[in-house]
Amino acid sequence: MKIISVVGARPNFMKIAPFIKAIDKHNNTSTEKVEHLLVHTGQHYDDRMSRNFFEALSIPDADIHLGIGSGTHAEQVGKTMIEFEKVLKAEKPDWVVVVGDVNATLACSVTAKKEHVKVCHIEAGLRSGDIKMPEEVNRLVTDRLSDLLLTPDKLSGKNLELEGASGKSVKFVGNIMIDTLEEQRERAVHLDINELIQRNSYNTDKKIPDISNESYGVMTLHRPSNVDHKEIFEPIIDFLTSEVSEQLFLIWPIHPRAVKQLKSFDLFEKVRSSEKVILLHPIGYHDMLRLNMSAKIMLTDSGGLQEECTVLGTPCLTLRWNTERPVTLREHGGASVLVGNNSKRIREEFHHTMKLDRKPLRPELWDGKTAGRCLEAILRFTED
Ligand code: UD1
């Protein structure tokens, strides 16, 4: 059997790493070898957004680089389809495996189906219900086309059932990203927080505080709905640099999109010079895991961090009005609460959440063994 798996952007790397390890394990023990090629579309290309993750997670270099780079959605998807079609025609795989919900996921699943190649989607069935979210479009199209839908939780299976997918095309396998978390936890726990701040610091001219005995929060923000509009982003920045900073240090590994927008709104200097806000470059997997392990609070609009906070138990404010990952919410036993991007609502929940203790939770099958179940499902798949 020949499998091509696809990565494009940062959140894909921690999902594909365990899958590749599962293939290696299979090939070491079975006579029926799986031939595997890794394709990197190149949507994320900076070392800090891409190569560092390959090294940290021991992902072998991609066999094929499509070199797509930045652009509008149509440019990224269109260019990826053109290049990936050539790969499929040359390599003729039995399966294309896509993960998550980025533009690479959509582009490569559509291209594969047009070339009559079977598609397996790992992390299928997540739905935010918000069609304005680019990732929701990617999820809907990918799931509609996939032959094998591997879901991270039971709620995702229900979403797929409501859309008419069921039976052997849908399999509940658990959360593959937690495989990576479990494998890397031990390495992360030994990292020194002051050292990692120093190493990743954005403000070379600002004195970096010693936070060994200080309480700190971590923030990430990159969604267009939060960072692309000044009337939304500015009140959030005001709140962070005033009330949040009064209570604790705020460590903010900042996404390139957020930097670009802060600068264009003339807000970057305000953030940079704020005494308790510690700006970092985008950080590596282990550094983020380490920060998350001891944070008093997480403020984020990332999907993956909501899940990691759930397993690590970090109280989390999700700066979105909806989530495709309801299993991470407090009403389902998780660690996070939706606060949208209205600063009044964020303020209320911030003060409440600061009183909460860490409470780790393990949703069903988030056991570190999902990748093996994914490969098994592909190997056992039979067409009607
Ligand atoms: C993408 C994903 C999103 C994911 C996020 C994680 C889609 C639709 N979105 O959003 O689901 O949560 O990745 O980061 O696929 N840039 C760099 N260096 C890079 C890559 C990008 O500077 O290596 C800049 C680009 O020029 C662009 C901005 O960052 O201005 C955003 O990049 P883009 O690939 O459009 O999407 P993300 O916002 O990162």
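Further up the page is the structure itself.
On a predicted model such as this, the values are computed, not experimentally measured, just so you know.

Enquirer: Just to check I follow, could you spell out helix 3 (residues 73-91) for this structure?
Expert: Because the α-helix completes a turn every 3.6 residues, residues three or four places apart line up on one side. End to end, helix 3 covers 26 Å across 19 residues, agreeing with the expected 27 Å (1.5 Å per residue, within 8%). Taken together, the buried positions of helix 3 are Gln76, Val77, Thr80, Phe84, Val87 and Leu88. For helix 3, the angular spread of the buried residues around the axis is 95 degrees, confining them to a single face. Of the exposed residues in helix 3, those oriented more than 90 degrees away from the buried face are Ala74, Ile82 and Ala90.

Enquirer: Teacher, can you tell me more about the nonpolar core here?
Expert: Generally speaking, a soluble globular protein has its nonpolar side chains buried in company with each other. Counting 43 residues, the largest nonpolar core has Phe19, Ile59 and Ile122 as the members making the most contacts within it. Broken down by element, this core gets its largest block of residues, eight residues, from helix 1 (residues 10-29). With residues up to four places along the chain from it excluded, the contact list for Ile59 reads Phe13, Ile16, Ala17, Ile20, Leu38, Phe53 and Phe54. Within the second largest apolar cluster, 31 residues are counted, among which are Leu262, Leu279, Val339 and Met354.

Enquirer: Looking at this model, I keep getting lost on the sheet that holds strand 12 (residues 316-318). Mind explaining?
Expert: Strands belonging to one sheet form pairs held by backbone hydrogen bonds; the direction of such a pair is parallel or antiparallel. Taken in spatial order, the six strands of this open sheet run 10-9-8-11-12-13, and their pairing is parallel. With partners counted over all chains shown, the strands left at the sheet margins are strand 10 (277-280) and strand 13 (336-338), one partner each. Averaged over neighbouring strand pairs, the angle between their axes works out to 20 degrees when direction is ignored. Sheet topology places strand 9 (residues 249-253) next to strand 10; four bridges connect them, and they run parallel. Note on strand 10: the bridge partner recorded for Pro253 is Leu280. Taken strand by strand, helix 10 (residues 230-247) contacts strand 8 (216-220), strand 9, strand 10 and strand 11 (297-300), and its axis lies near 140 degrees from that of strand 9.

Enquirer: What's the story with empty space enclosed by the protein in this structure? I'm lost.
Expert: It is the rolling of a water-molecule-sized probe over the atoms that shows where space remains empty. Here the structure, examined in full by the defined rule, presents three cavities of 30 Å³ or more. Considering only enclosed or pocket space, the largest cavity measures out at about 60 Å³ in volume. A per-class count over the lining of the largest cavity returns five nonpolar, two polar and three charged. Roughly 40 Å³ of internal volume is contained in the second largest cavity. Of the residues in the lining of the second largest cavity, the class split is five nonpolar, three polar and one charged.

Enquirer: Looking at this model, I keep getting lost on the sheet that holds strand 4 (residues 95-99). Mind explaining?
Expert: Reading across the sheet, the seven strands line up as 3-2-1-4-5-6-7 and stay open at both edges, with parallel pairing between neighbours. With partners counted over all chains shown, the strands left at the sheet margins are strand 3 (64-65) and strand 7 (170-172), one partner each. Examined bridge by bridge, strand 5 (residues 118-122) and strand 6 (residues 148-151) share three bridges and lie parallel to one another. Of the residues in strand 6, the one forming a bridge with His121 is Leu149. Against the sheet, helix 1 engages strand 1 (2-7), strand 2 (35-40), strand 4 and strand 5, with an angle of about 160 degrees to strand 1. Against the sheet, helix 6 (residues 154-162) touches strand 6 and strand 7, its axis set at about 145 degrees to strand 6.

Enquirer: Can you walk me through the packing of aromatic side chains in this structure?
Expert: Both the distance between ring centres and the angle between the ring planes are used here to describe each pair of aromatic rings. This model, assessed by the stated rule, comprises five aromatic pairs. Taken together, a centroid distance of 5.1 Å and an interplanar angle of 85 degrees make the contact between Trp95 and Phe381 edge-to-face. On the criterion of sequence distance, the pair formed by Trp95 in strand 4 and Phe381 in the segment after helix 16 (370-380) is long-range, its members being 286 residues apart. Among the residues examined, Trp95 registers a relative accessible area of 1% and is labelled buried. When its relative accessible area of 17% is taken as the criterion, Phe381 is described as buried. Aromatic ring contacts, followed pair by pair, group Phe13, Phe53 and Phe54 into a single cluster. A cation over a ring is seen here: Lys263 above Phe268, with NZ or CZ 4.9 Å from the ring centre.

Enquirer: Quick question: what am I supposed to make of the site of the ligand here?
Expert: With respect to spatial proximity, 21 residues lie near the ligand, and among them His44, Asp46, Ser70, Glu135 and Lys260 are the closest. In the model, an oxygen atom of the ligand is placed 2.9 Å from a nitrogen or oxygen of the Ser70 side chain. The separation between an oxygen atom of the ligand and a polar side-chain atom of His222 is 2.9 Å. Coverage of the ligand by the protein amounts to 88% of the 750 Å² it exposes when considered alone. In this structure the site holding the ligand corresponds to the largest pocket.

Enquirer: Quick question: what am I supposed to make of the layout of surface pockets here?
Expert: The volume enclosed by the largest pocket comes to roughly 1,200 Å³. Counting only elements with at least two residues in the lining of the largest pocket, the list comes to helix 1, helix 3, helix 5 (134-145), helix 11 (256-264), helix 13 (285-294) and helix 14 (303-312). Looking at the lining of the largest pocket, its residues break down into 20 nonpolar, 17 polar and twelve charged. In this structure, the second largest pocket spans a volume of roughly 330 Å³. Lining of the second largest pocket is provided by 15 residues; of these, Lys21, Ala22, Lys25, Ala371 and Gly372 occupy positions nearest its centre.

What counts and what doesn't
- Residues numbered from 1 in each chain as written.
- Predicted model: local features only at pLDDT ≥ 70, side-chain atom pairs only at ≥ 80, totals over all residues.
- Heavy atoms only, no water.
- Helix = DSSP H or I, 4+ residues; strand = E, 2+ residues; numbered from the N terminus.
- Expected span 1.5 Å × (residues − 1).
- Buried < 20%, exposed > 50% of the residue type's maximum accessible area, 1.4 Å probe, protein only.
- Arc of directions from axis to C-beta.
- Core = buried A, V, L, I, M, F, W, Y, C linked by side-chain atoms within 4.5 Å.
- Contact = heavy atoms within 4.5 Å.
- Pairing = 2+ DSSP bridges.
- Axes fitted to C-alpha atoms, helices over the stretch in contact; angles between N-to-C directions.
- 1 Å grid on protein atoms, 1.4 Å probe; cavity = no way out; pocket = protein on both sides within 12 Å on 5 of 7 lines; lining within 4 Å.
- Points joined across faces, edges and corners; volume = space filled by probe spheres on them.
- Nonpolar A, V, L, I, M, F, W, Y, C, P; charged D, E, K, R; others polar.
- Phe/Tyr/Trp six-rings, centres within 6.5 Å; stacked < 30°, edge-to-face > 60°.
- Lys NZ or Arg CZ within 6 Å of the ring centre and 35° of its normal.
- Near = heavy atom within 4 Å.
- Polar contact = N/O pair within 3.5 Å; in protein donor to acceptor, adjacent residues only side chain to side chain.
- Areas by Shrake-Rupley, 256 points an atom, 1.4 Å probe, with all protein chains shown as cover.
- Sits in = over half its atoms within 2 Å of the grid points.

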